[in-house]
There are 2 protein chains.
Amino acid sequence: MADIITVRDPHDPRLSDFTGLTDVELRRRREPAEGLFIAEGEKVIRRAARAGYPTRAMLLSEKWLPAMRDVIDASGAPAYVMPPELAEQVTGYHVHRGALASMGRTPLPEPEALLAAARRVVIMEAVNDHTNIGAIFRSAAALGMDGVLLSPSCADPLYRRSVKVSMGAVFSVPYARLTTWPHGLAAVREAGFRVLALTPEESALPLEAAGPHRLPRVALLLGAEGDGLSERAMREADARVRIPMAHGVDSLNVGAAAAVAFYAATRA
Amino acid sequence: MADIITVRDPHDPRLSDFTGLTDVELRRRREPAEGLFIAEGEKVIRRAARAGYPTRAMLLSEKWLPAMRDVIDASGAPAYVMPPELAEQVTGYHVHRGALASMGRTPLPEPEALLAAARRVVIMEAVNDHTNIGAIFRSAAALGMDGVLLSPSCADPLYRRSVKVSMGAVFSVPYARLTTWPHGLAAVREAGFRVLALTPEESALPLEAAGPHRLPRVALLLGAEGDGLSERAMREADARVRIPMAHGVDSLNVGAAAAVAFYAATRA
């Protein structure tokens, strides 16, 4: 059983995990430093708990208590109950999904451990958009990719927006951070992966011709929307591949390109 | 040469095309009824003009005049110049991209005419989310789909958000509306297309096995995020196909699923 505590003061210090959620810059610094992240909505909170993340606290309106009761009891963490209009003063926005949980982060696996257990991975370089990160995790989970590696400058997959867009896939697809870049890619090749860099360059090999689905171990290297991959990262890859595109058209959105590449790499 | 007119009154009736842009319900009704749509930002405005849509008026801040000068002159339409803080009172939001154009709609092609010239089309049923519509058009353009057919209840591809997310692909990929649903799909089959309904159902044929890239003419039928295709629409299809997914995972986002299906249908 957990404590269910009615709170009426938006400045109550026990709510500090939930303050200023709309201030992206603040939360970006605070959450990793304080070892927490925010899960939003019943479905995502349940998935985070099921994945083994410890609950630090919950914040919800009274009407969500019955639906969340079992989660609260199992968590052992305090649940703060507040009318939506007061909660909005804490968080900075109207929480449509009714419930928020602050969860504790757990240590990330080492890249080597992740690679040892994987056959299909995606590696992102400098992907900074939380929506794109979330979308890529969602597609990776759906299409059966085994893991994600992040360059040091990629944004945090546990940021609220990424978690939400991923529908909780950030909890189910294992991920790790490479600490040196792009030299960390050498470890991926040494683990037996063929590293394919996705690029719109005309000179790159068409994705089908690279036959990613026939490779025993394949790592798909993706850059950020707009900038794409850096030249130095591409030089660490085994090959450059492109998704054939119609002439005179902007490239695919990075989320769409990722889904296509995952499909090509995982199809039977 | 066009008129460049400085306006200081946000209630000036000449600005009526641009009022209340954040009121989705209002704009949804007004824009088709008044035969207009809004293009936002230099790139998208240029693409709309290049695609042959007539400009009715532009609204921009002084600092954007030099960059837009050639577009304004070529359009022959009045350009209203307003400081951003006043323009915000007209539109309801801060226009980050600096310039707005109201453009006139042009008649949509008949589905039969569109089908006669196409080999690869996508058909959407009841896709109501403007972001998803825009994303699907962008991927359709990039991957070389020839056209889009919309069920009667699909949202408007020319709504501002769709236009923006599509990066202007709504201007380059021809689209038409089927007026009867789902019986209008019979005309697609009669035009020689094999209609493949995308569904997560386990009993459906894996997408690769259906070999869409080997079919002379193929129509990919997609439903909305969440609800998916209606049973009655699926009954009008030639076959049901699925993108193989990992167990226990939510399906792909409809935009990601569309990109995968377009790739499978267009790859060499």
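Here is what the cut-offs are and how they apply
Residues numbered from 1 in each chain as written. Chains lettered and ligands numbered in written order. Predicted model: local features only at pLDDT ≥ 70, side-chain atom pairs only at ≥ 80, totals over all residues. Heavy atoms only, no water. Contact = heavy atoms within 4.5 Å. Buried area = accessible area lost by both parts, 1.4 Å probe. Salt bridge = Lys/Arg side-chain N within 4 Å of Asp/Glu carboxyl O. Helix = DSSP H or I, 4+ residues; strand = E, 2+ residues; numbered from the N terminus. Domains from an automatic or database assignment. Polar contact = N/O pair within 3.5 Å; in protein donor to acceptor, adjacent residues only side chain to side chain. 1 Å grid on protein atoms, 1.4 Å probe; cavity = no way out; pocket = protein on both sides within 12 Å on 5 of 7 lines; lining within 4 Å. Points joined across faces, edges and corners; volume = space filled by probe spheres on them. Nonpolar A, V, L, I, M, F, W, Y, C, P; charged D, E, K, R; others polar. Least-squares fit on C-alpha atoms with pLDDT ≥ 70 in both. Axes fitted to C-alpha atoms, helices over the stretch in contact; angles between N-to-C directions. Parallel < 35°, antiparallel > 145°, perpendicular 65-115°, else oblique. Pairing = 2+ DSSP bridges. Buried < 20%, exposed > 50% of the residue type's maximum accessible area, 1.4 Å probe, protein only. Arc of directions from axis to C-beta.

As annotated in an unreviewed UniProt entry, chain A is rRNA methyltransferase from Streptomyces nanshensis.

In this section: the interface of chain B and chain A. Contacts between chain B and chain A engage 27 residues on the former and 27 residues on the latter. A combined buried area of about 2,100 Å² lies between chain B and chain A, and 58% of that area is made up of carbon and sulfur atoms. Counting across the interface, chain B meets chain A through 4 salt bridges. Here Glu-208 of chain A and Arg-267 of chain B are joined by a salt bridge, their closest N and O atoms 3.4 Å apart. Breaking the side of chain B that touches chain A down by element, the ones donating at least two residues are α2 (42-50), α6 (130-142), α10 (207-210) and α12 (254-266) of chain B.

The subject of this paragraph is the domain arrangement of chain A. Interface size is commonly expressed as the accessible surface area that is lost when the partners come together. All names here are of chain A. The domains assigned to chain A are domain 1 (4-104) and domain 2 (111-266). Its C-alpha centre places domain 1 at a distance of 31 Å from the equivalent point of domain 2. Opposite the 18 residues of domain 1 that make contact, domain 2 presents 12 residues. Together domain 1 and domain 2 conceal approximately 1,300 Å² of surface at their shared face, both sides included; 59% is due to carbon and sulfur atoms. The interface formed by domain 1 and domain 2 includes 2 salt bridges. Residues Arg-160 and Glu-40 are paired through a salt bridge, measuring 3.6 Å at the closest nitrogen-oxygen approach. At the boundary of domain 1 with domain 2, the tally comes to 3 residue pairs in polar contact (both at pLDDT 80 or more). Broken down by element, the residue count for the side of domain 1 that touches domain 2 peaks at 5 residues, all from helix α1 (residues 24-34).

Turning to the layout of surface pockets, a few remarks are in order. Residue and element names in this part refer to chain B. The space that makes up the second largest pocket amounts to roughly 380 Å³. Forming the walls of the second largest pocket are 20 residues, and the residues nearest its centre are Pro-200, Ala-224, Gly-228, Ser-251 and Leu-252. A class-by-class count of the residues in the lining of the second largest pocket yields 11 nonpolar, 5 polar and 4 charged.

Of the transformation superimposing chain B on chain A, the axial component is 0.0 Å and the angular component is 180 degrees, with the fit at an RMSD of 0.0 Å. Taken together, the rotation and translation describe the operation of a two-fold axis. Comparing interface residues between copies, 100% of those in chain B also lie at the interface in chain A; the contact surface is shared.

All names here are of chain B. Taken N-terminus to C-terminus, the directions of α2 and helix α3 (residues 65-75) make an angle of 10 degrees; their axes are 11 Å apart at the nearest point. Here α3 runs roughly parallel to α2, going by the angle between their axes. For the pair α2 and α3, contact is made by Glu-42, Ile-45 and Arg-46 and by Ala-67, Met-68, Asp-70 and Val-71, respectively. Its residues assigned to classes, the contact of α2 with α3 comprises 4 nonpolar, no polar and 3 charged.

Here we come to the sheet that holds strand β8 (residues 175-177) of chain B. Residue and element names in this part refer to chain B. Strand order in the open sheet formed by 7 strands is β8-β7-β6-β11-β9-β12-β10, with parallel pairing between adjacent strands. Of all the strands in the sheet, the pair left with one neighbour each is β8 and β10 (205-206). Running at roughly 170 degrees to strand β11 (residues 218-222), α12 makes contact with β6 (120-124), β9 (194-198) and β11 of the sheet.

Residue and element names in this part refer to chain A. Along helix α3 (residues 65-75), the residues classified as buried are Leu-65, Met-68, Val-71 and Ile-72. Mapping the buried residues of α3 onto a view down its axis gives an arc of 125 degrees, with all of them on the same face. Residues of α3 that are exposed and angled more than 90 degrees away from the buried face: Pro-66 and Ala-74. Where the residues of α3 are buried, they touch β1 (4-6), α2 (42-50), β3 (55-60), β4 (79-81) and β5 (99-104). Gly-76 sits one or two residues past α3 and shows a positive phi near 70 degrees.

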